[in-house]
Amino acid sequence: MTAFVAAATLALSGCGGSSGASDASAAADGNGMVVGALLPLTGTLAYLAPPEVAAIKLAVNDINAAGGVLGKDVTEVEADTSDGEHADQNTSAAQSVLAKHPSVVIGPAASGVVKNVYKSIVAEKIPVISMASTSMTLSGMDPYFFRTVAPDAVQGAVMGDLIAGDGVKKLAIACFNDEYGTGMRDIILGKLKLAGVDVVYGEQDAFDPAETNYSSIASAIKASGADATLIISYDQATPLIKSLASAGVDTHRLYLVDGNTVDYSKTYDAGLLKGSKGTIPGAHVDDAFLAALKGTGTEVSDTTYAAETYDAVILSALAAEQGGSASGETIQKNLASVSGADGGEKCDSFKACKALIKDKKKIQYSGKTGIGAFNKNNDPSSANIGIYEYDDKNVNVFQAMQSGDVPSE
């Protein structure tokens, strides 16, 4: 992580303001495709950075190994956005990347950060492709905003069904007061009410994302008589779970979401989370892809949103290839098409898809995530949600995959 922060710091130094839409597009088009990346190298989502960094490196390597985009190598520049609690850093990171005249910006990861920076990027006619922001409010908000992850409606529905299907009768919810958090909670609540699950704590309460003492929340959950607890947060879950255990709450019946379903084997005593479950959007990463990510030289232990990041880069490169230009405008106009919105022949790599484009064929990139083509809101039209269960080492082990269509209304 020190290396990542150093790289971001280097990227931030010596960068001035943006030079305007036409200049940015011309620079990207004339000098080859530049992939900009806004990543949470620090902050409450920093655990997501290593797989995202590795995925971008891998995608760029794969593209360049196949001859690059329009005969030129792709380059990449990144900056650290931190999280939604650091709005100034969100802005400075975006300006740092814009100063490098990117053809596309991959990220940010958090919905709140997207809201803080996207306008300055799309104003220059540069598409933004988020690999991890799931808030429903982002759907269709701008023609230049896309995402390779399903909005919360899909994960929320799967989580609600999972809790009800496990026979939970009384549920407590510990949710942070964040657009992602309360939005996800409301979707899950809708499912739980239909299933007859009684929410005995947290239906309306939400804690400050900057909270550091969770003892009162843990005591209230214990007093509620809940037989299971849903935690909707980022890394706030780490101290919260410790407080829940200290308060005597059953930590074998916790439900976690993508913001906190991670490997806790080095965090808690063995067995603390055994039997608890979590959900993460996206296809389960296979051994070959994991080996390739590690082959970039990045230390990767968690693979959350690696596939979504990789596919975002590949899709943008294919859009440039198909459109005959690495400008942001060209990429935006061709993203839906190369994702399969217009039909076409399926292909599962940049090299294979590029060959079809060269033969003047329509393509449908079928990548690592297994998402459907972009719909009219620039969301995936369908997506997969992985279900995980914690073992006696507190490792989240993949159990099953559920797919669902993404609403476009």
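Sequence positions are assigned chain by chain, starting from 1 and proceeding in written order. The predicted nature of this model means local features are confined to residues of pLDDT at least 70 and side-chain atom pairs, given and counted, to a pLDDT of 80 or more, with totals for whole chains, interfaces and linings taken over all residues. Hydrogens are left out, water is left out, and the side-chain values use all remaining heavy atoms of the structure.

- An unreviewed UniProt entry lists the chain under the name Branched-chain amino acid ABC transporter substrate-binding protein, from Bifidobacterium italicum.
- Under Sequence similarities (unreviewed entry), UniProt gives the following word-for-word description of the chain: "Belongs to the leucine-binding protein family." UniProt positions are given in the numbering used here, feature names are shortened, and annotations may be inferred rather than shown by experiment.

Here's the deal with the pairing of strand S14 (residues 396-405)
Consideration 1: Pairs of strands are assigned from DSSP output, requiring at least two bridges between the strands. A run of DSSP states H or I qualifies as a helix once it reaches four residues; a run of E qualifies as a strand once it reaches two. Both are numbered from the N-terminal end. Bridge analysis of strand S13 (residues 382-390) against S14 gives nine bridges, and the strand direction is antiparallel. Considered in S14, the bridge of Tyr388 is made with Phe398.
Consideration 2: In this structure, the hairpin formed by S13 and S14 is closed by a connection of five residues, where Asn394 is found at a positive phi of approximately 65°.

Some words on the state of the cysteines
Consideration 1: The disulfide definition used here is simple: a pair of cysteine sulfur atoms within 2.5 Å. In the structure shown here, the tally under the stated rule is one disulfide.
Consideration 2: What pairs with Cys347 in a disulfide is Cys353, and their sulfur atoms sit 2.0 Å apart. Judged by the torsion about the S-S bond (105°), the Cys347/Cys353 disulfide is right-handed. For the pair shown, Cys347 and Cys353 are each scored as buried. Between buried and exposed lies partly exposed: a residue is buried under 20% and exposed over 50% of the maximum accessible area for its type, with that area taken using a 1.4 Å probe on protein chains only.

Thoughts on the pairing of strand S10 (residues 277-281)
Consideration 1: Most of S10 sits inside the fold, with five of its five residues counted as buried.
Consideration 2: What you see with S10 is no split at all: Lys277, Thr279 and Pro281 on one side and Gly278 and Ile280 on the other are buried throughout.
Consideration 3: The sheet contact formed by strand S9 (residues 254-256) and S10 spans two bridges and is parallel. Considered in S10, the bridge of Tyr255 is made with Lys277.
Consideration 4: Sheet topology places S10 next to S13; five bridges connect them, and they run antiparallel. From the neighbouring strand, Pro281 faces S13, where its bridge partner is Ile385.

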